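Okay, here's what each chain looks like letter by letter:
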Amino acid sequence: VDPSQTLVVEDSTKGFEAASRAGCRMLRVSNPDDVTESSVKSRIRELESLTEEVTIVIPLAGPYPEIWQARETLEMPLYLADIAGESVLELIGESLRSRRYVVTYIFIVKESVAKAFDIDALCAKAVNYAPLKIVKVKMDTLSSIHTILHVPSEYIADNTPLLVADGNHIPVWKEGQSLDDLLGSHADAAMTVVGSID
């Protein structure tokens, strides 16, 4: 059975992470009493209403100058920094959620960062435990486009739109707009960019 056609009913964070990494769809519950015929059917109907797919690649393996000191001997990339109780990565994930599309997220991270921090769990949480893949690379990548060259070809379908989102900046949409408005433009690919005024 294709994992994307599987509904996992889960009540624990580790279970959420496992379903996410496996590429399964999920019904999150608090306890066994939440598992009812009605809740399962409702979630299946919701998932069946999502007919279009999109892949979002979030590169996190660049040589970032923005490193801050979390502890005396350990440096932490900016995307793991805490802003009002959420990491930059979580804020990026919130901004890149869709209500109309089936999204698969691909994170590209440095192996050294993945080993130092619980990156698998952090990435899964950032995208609210949606299906994801994590590609770990040994060295810094030069740019977002260069980073995509590290994604195995089987992770990206030719007929699925692709969005590359800068993993070091939080996308901010115009009021009343969201990721779904960008995806609704029916483009084959898109990339978020950072604008600044000096």
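Thresholds, definitions, all that
- Residues take numbers from 1 onward in each chain, read along the sequence in its written order.
- Totals for whole chains, interfaces and linings use every residue, but because this is a predicted model, local features are given only for residues with pLDDT of at least 70 and side-chain atom pairs only at 80 or more, for both listing and counting.
- Only hydrogens and water are set aside; all other atoms, that is, all heavy atoms of the structure, feed into the side-chain values.
- Each reported salt bridge corresponds to a side-chain nitrogen of Lys or Arg within 4 Å of a carboxyl oxygen of Asp or Glu.
- The numbering of helices and of strands both runs from the N terminus, where a helix is a DSSP run of H or I of at least 4 residues and a strand a run of E of at least 2.
- Any residue under 20% of the maximum accessible area for its type is buried, any over 50% is exposed, and the rest in between are partly exposed; the area is computed with a 1.4 Å probe on protein chains only.

Colleague: Which residues make up the pattern of salt bridges, and what are the values?
Modeller: Counting across every chain of the model gives 7 salt bridges. We note a salt bridge from Asp 120 to Arg 21, for which the minimum N-O separation is 2.5 Å. With Asp 120 in helix H5 (residues 119-126) and Arg 21 in helix H1 (residues 13-22), this residue pair connects regions lying 99 residues apart in the sequence. Of the charged contacts in the structure, one is a salt bridge between Glu 37 and Lys 41, with a shortest N-O distance of 2.7 Å. A residue pair is termed a helical-turn pair when its members lie 3 or 4 positions apart in one helix, as Glu 37 and Lys 41 do in helix H2 (residues 37-49) at 4 residues. A relative accessible area of 58% means that Glu 37 is categorised as exposed. According to the relative accessible area criterion, Lys 41 is partly exposed, its value standing at 43%. Connected via shared salt-bridge partners are Arg 21, Asp 120 and Lys 136.

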